[in-house]
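# Fold and geometry: a report
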Amino acid sequence: MSKHHVTTTINGEAVEFLCETQETLLDVLRNTLNLTGSKEGCASGDCGACSVIADGTLVCSCLMLGVEAEGRSITTVEGIADGEKLHPIQQKFLEHAALQCGFCTPGFIVAAKALLDANPNPTEEEARYWLAGNLCRCTGYDKIIRAVMDAAAELRGEARAA
Amino acid sequence: MPKVVFSGSETRRFTGGRTELEVTATTFRQLVRELDARFPGLGEQVEEGMAVAIDGVIYQDAYGAPLAEGAEIVLIPKIGGG
Amino acid sequence: MNYIVPQSELKIVGTSPVRPDGVDKVTGRATFGADMALAGMIWGKVKRSPHAHARIVSIDTSKAMALAGVKAVVTAADFPEIPNEEAFVGEGPMNFRDLSRNCMARDKALYEGHAVAAVAASTQAIAEQAVDLIEVTYEVLPHVIDVEAAMAPDAPVLHPDMFTAGIEPKPTRPSNIAKRVSFAKGDVDAGFAEAEVIVEGRYTTQPVHQAYIEPHACVAQVATDGQAQIYSSTQGQFMVRAYSAKILGWEIANLRSFPLEIGGGFGGKTVVYLEPLALKLAQKSGRPVKMMMTREDVFRASGPTSGAVIEVKIGAKRDGAIVAAREVLKYQAGAFAGSPIGPGCMCGLAMYDIPNVDVVGYDVVSNRPKVAAYRAPGAPITSFAVESAMDDLARKLAIDPLALREMNGVRDGSKTHYGVTHKDIGFLPVLEAARNHPHWKAPLKPGQGRGVACGFWFNIGGESSGAVHVNEDGSVSVVSGNPDIGGSRASMAMMAAEVLGIPVEQVRPIVGDTASIGFSFLTGGSRVTFATGMAVTQAAERVVEQLKTRAAQIWEIPAEAVEWKDGKAWPAGLNAGAFEPLSLAQIALKAGRTGGPISSEVSLNAQGAGAGFGCHICDVEVDAETGQVKILRYTAVQDVGKAIHRAYVEGQIQGGAAQGIGWALNEEYIYDTKGRMENAGFLDYRVPVASDLPLIEAVIVEVPNPRHPFGVRGVGEVPIVPPMAAVANAIRSATGLRMPDLPMSPPKICAALDAAAGAKAA
Ligand code: FES
Ligand code: FES
């Protein structure tokens, strides 16, 4: 069986790759393109560690096929920072100690980015429900939520939340 | 003299149910030998599988621990953790 | 107490700097287990038993080997037989025969998911195909899942050579009860005779998985001369080296073990599963081999903690003084002996000063995956029972539940039923902080309930190594042998920086592989900040001594005439001479001329860990329609000795509490009648998500441990101990229902509410 040739955009760059029909986008990212920032925690859409943004929509890359990336624009955790300059969400994760092991962190950062793109001024409850698709076993979520709320405030140009 | 307390079945099965013993040992190594002489097999049990609390301070490995006059020595199962 | 830096003068310890490995982790650059790749790497996959209990009659690997792309297949026949003996290897008694058989079944498969063979192939897809082509003939045997069923005399026996230890005379019939342990103090019958109020209960808990989000993963490489490397996500690179070498029959020096970033462990990554298989496959194929568990594999084949049955009885005087307690604990070990029954017998009643106590525990095998450590192993289970009973006792006595604990709580000099006299503990200050917290006094709305519960853990020390190297430019590298599972790089750097008197940013902490740093026990038991922190602190102190000596040489004065302050050498007093202070960088620049590199490595075996206590307050609301329990507010108070990195200490407390809430409300293993797990995925094994939880407030109490240079006790274990009872007691307060069985999931709550309504109507 021959592989599919896929042309897509990843983190703003034009990318071409070959993949099998059944290969997930997550496997392509990790194994073919060496973008290992997206993590596999379950491969069934339940943990959010593999979160990417596809044409503005937050998706689990373990549930998307590599071939479905054709013609789309994909953002992974590797594309969140602007070169060496961290995105405010990343910066706030560091300041609030919102990661312990850090395995869930890429997924949370991508999911939080999608949240704040869609809703720049979420309530804490909205943030908790939006991020309910991302599992973190280490932190109890408290510091993650604070980091996201603080990043939202900063992105809105407001003074730092307490 | 230091006093050894046997609180659990892992030591009491060697001591025939006895719960305390005064010892003459002044080091942990001497203690192990003394216990083994008194209750055959207990020395090895202590050496291999037990932690020691000396006056409330827990030693997982007590080779270097001093046994002061009147010290209370308690043998407990070794403790791991997550 | 003699702290190396007076507590009032601490500059770095107790703050919350950004962690040194943080940027890598928020940008996706950090290399976790499954992110590792080597040139020419192929993929390994495990074939697992579909049966809960079966004799392996034969394994035919010929079809798998014939498949194009398959490079190697291994079964138990590729590993040496290991005799049945226990060795203590730091994490607890370890029977290497059992460990070897858990990694790869020999003769019998003892649980669904038990590894029976493994393959390595050029792609993941081929490896999966090859797994299906391995033909295993089984003779299916009757199985047993439930702990009390496994203890029954007619239960199917897992190990014909297992005779219950701790019973005299030695039994003549094999049993699934691996051992019986007991502790006693005073005269428990006389104690109960004297009691004026008695509470009793029978409690059950389910096995719960550590559920780290990163599945186990490793990459192995073996050269033809036998030199091997293993890269893995683990709580201990030295553990991986020792266990793998033992299982393979290799020499330790031939194996170099590299710790990768670890995506959570909580005790579950304190053993090996894949590593010996990957090494063997790599040796046979001559290629680097990568292996990863799927989430299903993680649930079916790696360690949860025990499920248990606990019977508890507590007797008190009218005034609240507890006079007697009895506990019987039956802990599941999984397929091989070794549940945390010892700590289970000790921890539940360790918090109260009770004159008459009798505790009996059983370690029981059944056809489930072998348990692994999980935060404060054994303690949460017993404490669910004891702390629920304490709540009942407070109600019966009409005493405030915190007051009952204050009255009976242990303090320095209290003697536990396991014999140890508590020393330098902070239980009462924890209770006081809970009582004074606004949460305790906040009003509740109708239908809401508040519960309180406490928890204890020993914390441990153990063997650790730490090295401090001063680099040519005055920057400092700190190397430790413990994987950083929750911010320990930061705390190591902070302690070193504090001693050296330099900014923490000037210190670069590194986790070394087994050839780069002295032996270190694994990361676990809340020991790293205590024990490894002690090694790093001592190494830094030695470096300070060297720096002073070098400054003395530069100034041509005696070393005693040099003082180290604020990261600089100063002449001590007027007599020493009038010299400008020398910074660390200035001294480092001249290191070559003053005697060579400045560095120190300290290896030690830290003793005298300080026990930790916690007290949690929980508010809930119960939806009578759906049975759903909503956690409204949660406060976790804990004595940590000294918080090195405050935010990560809070994070440990919050994370432990969240795991405990999951254990309380939702998490369990569900088996079908054939002994197969039905919920081996995050959809059906439901860990708490962000919308399930409120803000969890962590309240840090600091009663320093006098045996640590900064007063550290350890943090990570205690916070998982109180939550199950705190939630249960809150539900009791909200609904009047005592829920003795975990998890307190919606169906159980509904059934209990219905039963209560029925009883009222009748
Ligand atoms: S790996 Fe995709 S959701 Fe878990
Ligand atoms: S930080 Fe470990 S899973 Fe979230």
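Here's what I pulled together on the structure shown here.

### Observations regarding the interface of chain A and chain C
Tallying the contact residues gives 42 residues for chain A and 52 residues for chain C. Roughly 3800 Å² of surface becomes buried between chain A and chain C when both sides are summed, with 58% attributable to carbon and sulfur atoms. Of all residues in chain A, L94(A), Q100(A) and R137(A) give up the largest surface area on contact with chain C, accounting jointly for 22% of the area buried on that side. Residue E650(C) is joined to K143(A) by a salt bridge in which the shortest nitrogen-to-oxygen separation is 2.6 Å.

### Some remarks on the packing of aromatic side chains
Per the counting criterion, the structure on display carries 22 aromatic pairs over all chains. With a centroid separation of 5.2 Å and an interplanar angle of 80°, the aromatic rings of F103(A) and F32(C) are classed as edge-to-face. A residue pair is termed interchain when its members come from two chains, as with F103(A) in the loop between α2 (88–95) and α3 (105–118) and F32(C) in the loop between α1 (22–27) and β1 (42–48). The buried category is assigned to F103(A), whose relative accessible area is 3%. Cluster of aromatic residues (ring-pair linked, three or more members): Y352(C), Y418(C), F427(C), F456(C), W457(C), F458(C) and F613(C). For K170(C), the ring lying beneath its charged end belongs to F163(C), and the centroid distance is 5.1 Å. One Lys or Arg, K565(C), reaches over the ring of W570(C) and ends 5.2 Å from the middle of that ring.

### What to know about the nonpolar core
Within the largest apolar cluster, 210 residues are counted, with the highest numbers of intra-cluster contacts made by F93(A), M291(C), I731(C) and M744(C). Both domain 1 (4–79) and domain 2 (88–155) of chain A contribute no fewer than three residues apiece to this core. Beyond its immediate chain neighbours, meaning those up to four positions away, F93(A) contacts A98(A), L99(A), T105(A), F108(A), I109(A), I144(A), A147(A), V148(A) and V26(C). Judged by nonpolar contacts, the second largest core, of 52 residues, contains L10(C), V476(C), A551(C) and W564(C).

### A word on the interface of chain B and chain C
Across the contact, 25 residues belong to chain B and 37 residues belong to chain C. In total, chain B and chain C occlude about 2400 Å² of area from one another, counting both sides; carbon and sulfur atoms represent 60% of this. At the boundary of chain B with chain C, the tally comes to two salt bridges. Put simply, E10(B) and K179(C) hold a salt bridge, and the shortest N to O gap is 3.3 Å.

What counts as what
- Think of each chain on its own: its residues are numbered from 1, step by step along the sequence as written.
- The lettering of chains begins at A and the numbering of ligands begins at 1, in the order of writing.
- Local features in this predicted model are restricted to residues of pLDDT 70 or higher, and side-chain atom pairs are both shown and tallied only at a pLDDT of 80 or more, whereas totals for entire chains, interfaces and linings draw on every residue.
- Note: side-chain values were computed over all heavy atoms of the structure, leaving out hydrogens and water.
- Only heavy atoms enter the contact rule, under which two residues are in contact if any of them lie within 4.5 Å.
- Buried area is understood as the total, over both parts, of accessible area removed when two parts are fitted together, assessed with a 1.4 Å probe.
- Salt bridges are defined by distance alone: a side-chain nitrogen of Lys or Arg within 4 Å of a carboxyl oxygen of Asp or Glu.
- Centres within 6.5 Å are what make two rings of Phe, Tyr or Trp a pair, Trp counting through its six-membered ring; a difference in plane orientation under 30 degrees is then read as stacked, over 60 as edge-to-face, and the rest as tilted.
- By definition, any uninterrupted DSSP run of H or I lasting at least four residues is a helix, any uninterrupted run of E lasting at least two residues is a strand, and each is numbered from the N terminus.
- A simple rule labels every residue: compare its accessible area, found with a 1.4 Å probe on the protein chains alone, to the largest value its type can have, and call it buried under 20%, exposed over 50%, or partly exposed in between.
- Criterion for a charge above a ring: Arg CZ or Lys NZ at most 6 Å from the ring centre, at most 35 degrees from the ring normal.
- By nonpolar core is meant a set of buried Ala, Val, Leu, Ile, Met, Phe, Trp, Tyr and Cys residues that side-chain atoms within 4.5 Å join together.
- Domain boundaries shown here were taken from an automatic or database domain assignment.

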